[in-house]
Amino acid sequence: MNTSKVAIRCGEHAFTRLQKLLPQQDRLLPKIYQTTDDQYIIYWDSIRWFESSDKGETELVKAFNRAFDYLEERPFDQEGNLLPGYCFESIILEADSDDYQYRSNDSKSIIWPEKKIHLPENLKELSPETGEETNTYVVAFLSNTTPCINLAISGTKEKVKAYFLNDLNVDEKDFISVRLATEDDKHPGIPVHHIPEYPYVLHIEYSWGDQEPDQKFLTKEDAWKKAMSMAMTEADTASDEKEDGEVDTHSDEKEDGTAEIIMEKAKLEISLVYPKSAEENSFCRYYITKEKGE
């Protein structure tokens, strides 16, 4: 299956709509850039746009094509003028040929194909997760007594230091410095760490095989609060109402018509067992994992 290079240039409101379609899987996340005139660029260097056996990739392409349809037809005033912030143009360039697909809803063109896709100069890279600026940092620390230099990509210096101390177990006394990297610092062979902006991921799985989309959070506490809230809401929906209107979350044996919630905070996991009147042994599992930097 052929891969494609894809570039999308868009205004602020079009970008907001398209950013919501981006997937959770890091391998499908594009590069995000911002131009000097506050346009946005969404860019994939390699993606199977026209044909893919990967369900996530296929659904992503369908969602973006539907969004292109909307942007070509809907955001216009009664006189047919494009509403501010809704401009877009896209180029899908097949990697193994000169064929490409171009779509746009305005006359302005700042991206074009020429064997490769040319992007505007002086772009500022943004995080695909947050739409905010990211930076590359040089991190210096000691491993035993050996000085080490790594690069780290993150939104802030504080997140970089916390990642090296907590995730890579660098001792505070061995930590030397963190500073913004220059182009001269980016040598081949230097380890590069991509630090997730929202490292805590809430997964929701059902015993019959269904899954909810993953949700990402900045802190473990935020993820746990969301898991508890969703479990309680699901239990309330699934249970028959008691006389006092409460759901029993502590009983060892659940009555018919009452869901049971089992919380294991040490494991960051919640199990919701559905009432006996539902399908036998059916349950929902909420659990939290932490993404590691790549």
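Scroll up to find the structure this text is about.
Here is what the cut-offs are and how they apply
- Residues numbered from 1 in each chain as written.
- Predicted model: local features only at pLDDT ≥ 70, side-chain atom pairs only at ≥ 80, totals over all residues.
- Heavy atoms only, no water.
- Helix = DSSP H or I, 4+ residues; strand = E, 2+ residues; numbered from the N terminus.
- Buried < 20%, exposed > 50% of the residue type's maximum accessible area, 1.4 Å probe, protein only.
- Contact = heavy atoms within 4.5 Å.
- Pairing = 2+ DSSP bridges.
- Axes fitted to C-alpha atoms, helices over the stretch in contact; angles between N-to-C directions.
- Arc of directions from axis to C-beta.
- Phe/Tyr/Trp six-rings, centres within 6.5 Å; stacked < 30°, edge-to-face > 60°.
- Lys NZ or Arg CZ within 6 Å of the ring centre and 35° of its normal.
- Core = buried A, V, L, I, M, F, W, Y, C linked by side-chain atoms within 4.5 Å.
- 1 Å grid on protein atoms, 1.4 Å probe; cavity = no way out; pocket = protein on both sides within 12 Å on 5 of 7 lines; lining within 4 Å.
- Points joined across faces, edges and corners; volume = space filled by probe spheres on them.
- Nonpolar A, V, L, I, M, F, W, Y, C, P; charged D, E, K, R; others polar.
- Polar contact = N/O pair within 3.5 Å; in protein donor to acceptor, adjacent residues only side chain to side chain.

Caption draft 1: Highlighting the overall build of the protein. Within the protein, the secondary structure is distributed over four helices and 17 strands. Considering the protein as a whole, with its 294 residues, one finds that 40% of them fall into the buried category. By sequence separation, contacts in the protein at least 24 residues apart represent 56% of the contacts at least 6 residues apart.

Caption draft 2: Up close: the sheet that holds strand E14 (residues 215-217). Taken together, the five strands give an open sheet; going across it, the order is E14-E13-E17-E16-E15, and neighbouring strands pair in antiparallel fashion. Edge strands, defined here as strands with exactly one partner in the open sheet, are E14 and strand E15 (260-264). Each strand of the sheet is rotated relative to its neighbour by a mean of 15°, with strand direction disregarded. Relative to strand E17 (residues 283-290), strand E16 (residues 269-273) is paired through five bridges, and the arrangement is antiparallel. By the bridge assignment for E17, Ser271 is matched with Arg285.

Caption draft 3: How the structure looks around helix H3 (residues 157-167). Within H3, burial applies to Val160, Tyr163, Phe164 and Asp167. For H3, the angular spread of buried residues about the axis comes to 110°, placing them on one side. Within H3, the exposed residues directed more than 90 degrees away from the buried face are Glu158 and Asn166. Buried residues along H3 sit in contact with strand E9 (135-143), strand E10 (146-154), strand E11 (175-180), strand E12 (192-194) and E17. Phi turns positive, to about 60°, at Asn169, one or two residues after H3.

Caption draft 4: Quick peek at the packing of aromatic side chains. In the structure shown here, the tally under the stated rule is ten aromatic pairs. Joined through ring pairs, the aromatic side chains of Trp44, Trp49, Phe64, Phe68 and Phe88 make up one cluster. Over the face of the ring belonging to Tyr70 we find Arg17, whose NZ or CZ atom lies 3.8 Å from the ring centre. Note that Arg285 overlies the ring of Tyr287, its terminal NZ or CZ placed 3.9 Å from the centroid.

Caption draft 5: Examining the environment of Ala223 more closely. Note on placement: Ala223 falls in helix H4 (residues 220-238). For the pair Ala223 and Tyr200, spaced 23 residues apart in sequence, the C-alpha separation works out to 6.6 Å. Every residue in contact with Ala223, bar those within four places of it in the chain, is listed here: Tyr200, Leu202, Phe217 and Ile288.

Caption draft 6: Just the nonpolar core, in detail. Formed by 23 residues in total, the largest nonpolar core has its most connected members in Ile8, Leu18, Ile42, Trp44, Trp49 and Phe64. Looking at this core, the elements that each hand over two or more residues are strand E1 (4-10), helix H1 (12-19), strand E3 (40-47), helix H2 (55-73) and strand E4 (88-94). A total of six residues in this core trace back to one element, the largest contributor, which is H2. Contact partners of Trp44, with chain neighbours within four places excluded, come to Ser4, Lys5, Val6, Ile8, Leu22, Leu28, Leu29, Pro30, Trp49, Leu60 and Phe64. In this structure, Phe217, Ala223, Ala227 and Leu268 belong to the second largest nonpolar core, which totals 19 residues.

Caption draft 7: Fine view of the side chain of Ser271. On the secondary structure map, Ser271 appears in strand E16. Classification of Ser271 by relative accessible area gives buried; the value is 15%. In this view, Ser271 contacts Glu260, Ile261, Ile262 and Cys284; residues no more than four positions away in its chain are not counted.

Caption draft 8: How the structure looks around the layout of surface pockets. The volume enclosed by the largest pocket comes to roughly 660 Å³. Along the wall of the largest pocket there are 27 residues; nearest its centre are Lys31, Glu125, Pro128, Ile153 and His194. Contributions of two or more residues to the lining of the largest pocket are made by strand E2 (31-34), strand E8 (124-126), E9 and E10. When grouped by side-chain class, the residues that make up the lining of the largest pocket number nine nonpolar, seven polar and eleven charged.

Caption draft 9: A look at the side chain of Ser52. Assignment of secondary structure puts Ser52 in the loop between E3 and H2. Of note is the side chain of Ser52, whose polar atom sits 3.0 Å from the backbone nitrogen of Asp54. Only 2.7 Å separates the side chain of Ser52 from the side chain of Glu57, close enough to count as a polar contact. When near neighbours in sequence (up to four residues on either side) are disregarded, Ser52 contacts Met1, Glu57 and Thr58.

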